[in-house]
Amino acid sequence: MENISDATKQFIDLRRHMWMAGIEVDLRRLIWQIAVTGKYISSKIQESNRKLAGFENIYGEEQLALDRSSDEIIKRQLEFSGFVNQYASEERESIIQVGKGGEKYIVTADPLDGSSLVDTNLAIGTIIGIHRESILTGGDKSLIAAMYITYGPLITMIYSAGNGTHEFVLNREGEYVLSEESIILKERGNIYSIGGLRKDWAQKHHDYIRCLESEGYKLRYSGGFVPDINQILIKRGGVFTYPALKGNPNGKLRLIFELQPMAFLMEQAGGMATDGRKSILSIEPKTLDQRCPIYIGSKYEVEKAKAFLDGNKTAI
Ligand code: AHG
Ligand code: MN
Ligand code: MN
């Protein structure tokens, strides 16, 4: 869409933006309904009880009551939407039916990403993928939209339905209004966000990180995937990585619930996302809880990571 002046942006709410972008009506309604759950989840966080729910999620991690209540809020919203057939969440062992059958979309969610940070008051988030086909066998054309909501000093929501990547901010009237339209990353940035314990990194990953540091990259890592990715998008460049680890070659982050939606948004912003060799969006998930190493951000840094991991580069 043509460049919208800052003064006008505040009058473009999410629904109008999606209508202007020509997104089909059911998808517009679904994205808006999911964005609305962000308000409910945010108020849950405000009143959050920090007791552990005592339930095990499928990764064997203890989960906070907030994870479960966030998951329930999204599921209920989808159940009565009329557009969603199935729902898959990192908090559930299997994909569940939330429609009568035959509805257009399948939704994946990391209902609350970074929940271990709740007690530190650092930003946390919700990550959503919207698929047309099967989550597991639909191939790389299945994912047709992605979004995340960041619960920080402001509540912001980033979405793409293949029409570029755009940021909205929840205003005092409770409307999501346009704040950053058609985010496009620069060729390279100057921040790096690196997960996993250094002692567990492979030598090629060490060499890659050392190269970034020799080029003056600044460390920005909060331990929350959503704000760490959001920083790279809003600063228009840089790289986030959670690599393969000694004893854990698939790293930590979940392909379906975390990496595919972020890869979709980053590519729509002119960035890249790879497991170190293949693009994230080309990887066909074998299981719901499949994990995968990740290098995601602006082209220069992600291409450099591939070169180091292919062994074409040596340490500086
Ligand atoms: P979740 O809270 O959904 O389980 O995700 C936590 C993830 C992700 O947010 C973050 O990038 C990563 O865990 C941080 O892992 P470390 O604590 O090992 O750094
Ligand atoms: Mn997560
Ligand atoms: Mn989570």
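S.K.: I keep staring at the coordination of the manganese ion (ligand 2) and nothing clicks. Help me out?
M.R.: Think of it this way: four donors in a tetrahedron around the metal ideally sit 109.5 degrees apart, and six in an octahedron ideally sit 90 or 180 degrees apart. Surrounding the manganese ion (ligand 2) are the protein donor atoms Asp-110 (OD), Asp-113 (OD) and Glu-258 (OE), which sit 1.9 to 2.1 Å from the metal. Mapping the donors of the manganese ion (ligand 2) onto the primary sequence yields the spacing D-x2-D-x144-E. Distance-wise, the manganese ion (ligand 3) is placed 3.7 Å from the manganese ion (ligand 2), both being coordinated by Asp-110. Of this pair, Asp-113 sits in strand 5 (residues 105-113) while Glu-258 sits in helix 7 (residues 255-268), and the two are 145 residues apart along the sequence. Look at Glu-258 and you get buried, because its relative accessible area is 1%.

S.K.: Which parts of the structure should I look at to understand helix 8 (residues 299-309)?
M.R.: Among the residues of helix 8, those classed as buried are Glu-301, Val-302, Lys-304, Ala-305, Ala-307, Phe-308 and Leu-309. Elements in contact with the buried residues of helix 8: helix 5 (203-214), strand 13 (239-242), strand 14 (272-274) and strand 15 (294-297). Backbone geometry just after helix 8 places Gly-311 at a positive phi near 80°.

S.K.: Before we go on, may I ask you to explain the coordination of the manganese ion (ligand 3) in this structure?
M.R.: Taken together, Glu-90 (OE), Asp-110 (OD) and Leu-112 (O) make up the protein donors of the manganese ion (ligand 3), found 2.2 to 2.4 Å from the metal. For the manganese ion (ligand 3), all donor residues lie on one chain, and their spacing in sequence is E-x19-D-x1-L. The buried category is assigned to Glu-90, whose relative accessible area is 5%.

S.K.: Where do I start with the pairing of strand 6 (residues 124-131) in this structure?
M.R.: Note on strand geometry: in a regular strand, side chains alternate between the two faces of the sheet. By the criterion of burial, strand 6 is predominantly enclosed, with eight of the eight residues buried. Here strand 6 shows no split at all, with Ile-124, Thr-126, Ile-128 and Ile-130 on one side and Gly-125, Ile-127, Gly-129 and His-131 on the other all buried. Relative to strand 6, strand 5 runs antiparallel, the two sharing six bridges. Across the sheet, Asp-110 pairs through a bridge with Ile-127, a residue of strand 6. Where strand 6 and strand 7 (residues 143-151) come together, eight bridges link them in antiparallel fashion. Looking at strand 7, one finds that Gly-129 is bridged to Ala-146.

S.K.: Help me out: how do you make sense of the site of ligand 1 in this one?
M.R.: The environment of ligand 1 is formed by 16 residues, the closest being Asp-113, Gly-114, Tyr-221, Tyr-242 and Lys-252. Asp-113 is positioned with one of its side-chain polar atoms (N or O) 2.9 Å from an oxygen atom of ligand 1. Within the backbone of Gly-114, one N or O atom sits 2.7 Å away from an oxygen atom of ligand 1. Contact with the protein chains hides 80% of the accessible area of ligand 1, taken as 470 Å² for the molecule alone. Breaking the shell around ligand 1 down by element, the ones donating at least two residues are strand 5 and strand 13. Residue contributions to the shell around ligand 1 peak at three residues, all from strand 5. By residue class, the composition of the shell around ligand 1 is six nonpolar, four polar and six charged. Looking at the shell around ligand 1, you find at least three residues from each of domain 1 (6-180) and domain 2 (191-315).

S.K.: It is not clear to me how unusual backbone geometry should be interpreted in this structure. Could you clarify?
M.R.: What is expected of a backbone is that most residues other than glycine have negative phi and most peptide bonds are trans. A positive phi angle, near 65°, is found at Asn-121, a position not held by glycine. Within the secondary structure, Asn-121 sits in the loop between strand 5 and strand 6. Looking at Asn-121, the relative accessible area reads 71%, which means it is exposed. Unlike most non-glycine residues, Ser-182 shows phi in positive territory, near 50°. Mapping Ser-182 onto the fold places it in the loop between strand 10 (176-180) and strand 11 (191-194).

S.K.: Would you explain the nonpolar core in this entry?
M.R.: Nonpolar side chains in soluble globular proteins tend to be buried together. One finds Phe-240, Met-262, Ile-280 and Ile-294 to be the most contacted residues of the largest nonpolar core, which totals 47 residues. With residues near it in sequence (within four places) discarded, Phe-240 still touches Ser-193, Tyr-221, Phe-225, Asp-228, Ile-229, Ile-232, Leu-253, Ile-294, Tyr-295 and Ile-296.

S.K.: How should the pattern of salt bridges be read in this particular structure?
M.R.: If the charged atoms of two oppositely charged side chains come close together, the side chains can form a pair. Applying the stated criterion across every chain, the model contains 18 salt bridges. Asp-26 serves as the salt-bridge partner of Lys-104, at 3.1 Å between the closest nitrogen and oxygen. Note that Lys-104 is positioned in the loop between strand 4 (96-97) and strand 5 and Asp-26 in helix 3 (residues 25-46), a separation of 78 residues in sequence. A residue is classified by how much of its surface remains accessible, and Asp-26, at 18% relative accessible area, is buried. As a salt-bridge pair, Lys-75 and Glu-79 come within 3.0 Å of each other at their nearest N and O atoms. Of this pair, Lys-75 and Glu-79 both sit in helix 4 (residues 65-79), four residues apart, which is roughly one turn of that helix. If you follow the salt bridges from partner to partner, you end up with Glu-24, Asp-26, Arg-29 and Lys-104 in one network.

S.K.: Is there a simple way to think about the domain arrangement of the protein in this case?
M.R.: Many authors give the size of an interface as the accessible area that is lost as the parts come together. Domain boundaries assigned for the protein yield domain 1 (6-180) and domain 2 (191-315). Inter-centroid distance (C-alpha atoms) of domain 1 to domain 2 is 22 Å. Between domain 1 and domain 2, the buried area comes to about 2,800 Å², and carbon and sulfur atoms account for 63% of it. In this assembly, domain 1 and domain 2 are joined by two salt bridges. Residue assignment for the side of domain 1 that touches domain 2 shows that the elements contributing at least two residues are strand 3 (84-89), strand 5, strand 6, strand 7 and strand 8 (155-160). Ranked by the residues each element gives to the side of domain 1 that touches domain 2, the list is headed by strand 7, at eight residues. A class-by-class count of the residues in the side of domain 1 that touches domain 2 yields 22 nonpolar, 15 polar and eight charged.

Each value, and the rule that gives it
- Residues numbered from 1 in each chain as written.
- Chains lettered and ligands numbered in written order.
- Predicted model: local features only at pLDDT ≥ 70, side-chain atom pairs only at ≥ 80, totals over all residues.
- Heavy atoms only, no water.
- Donors = N, O, S within 2.8 Å, 3.2 Å for Na, K, Ca; no water.
- Helix = DSSP H or I, 4+ residues; strand = E, 2+ residues; numbered from the N terminus.
- Buried < 20%, exposed > 50% of the residue type's maximum accessible area, 1.4 Å probe, protein only.
- Contact = heavy atoms within 4.5 Å.
- Pairing = 2+ DSSP bridges.
- Near = heavy atom within 4 Å.
- Polar contact = N/O pair within 3.5 Å; in protein donor to acceptor, adjacent residues only side chain to side chain.
- Areas by Shrake-Rupley, 256 points an atom, 1.4 Å probe, with all protein chains shown as cover.
- Nonpolar A, V, L, I, M, F, W, Y, C, P; charged D, E, K, R; others polar.
- Domains from an automatic or database assignment.
- Core = buried A, V, L, I, M, F, W, Y, C linked by side-chain atoms within 4.5 Å.
- Salt bridge = Lys/Arg side-chain N within 4 Å of Asp/Glu carboxyl O.
- Buried area = accessible area lost by both parts, 1.4 Å probe.

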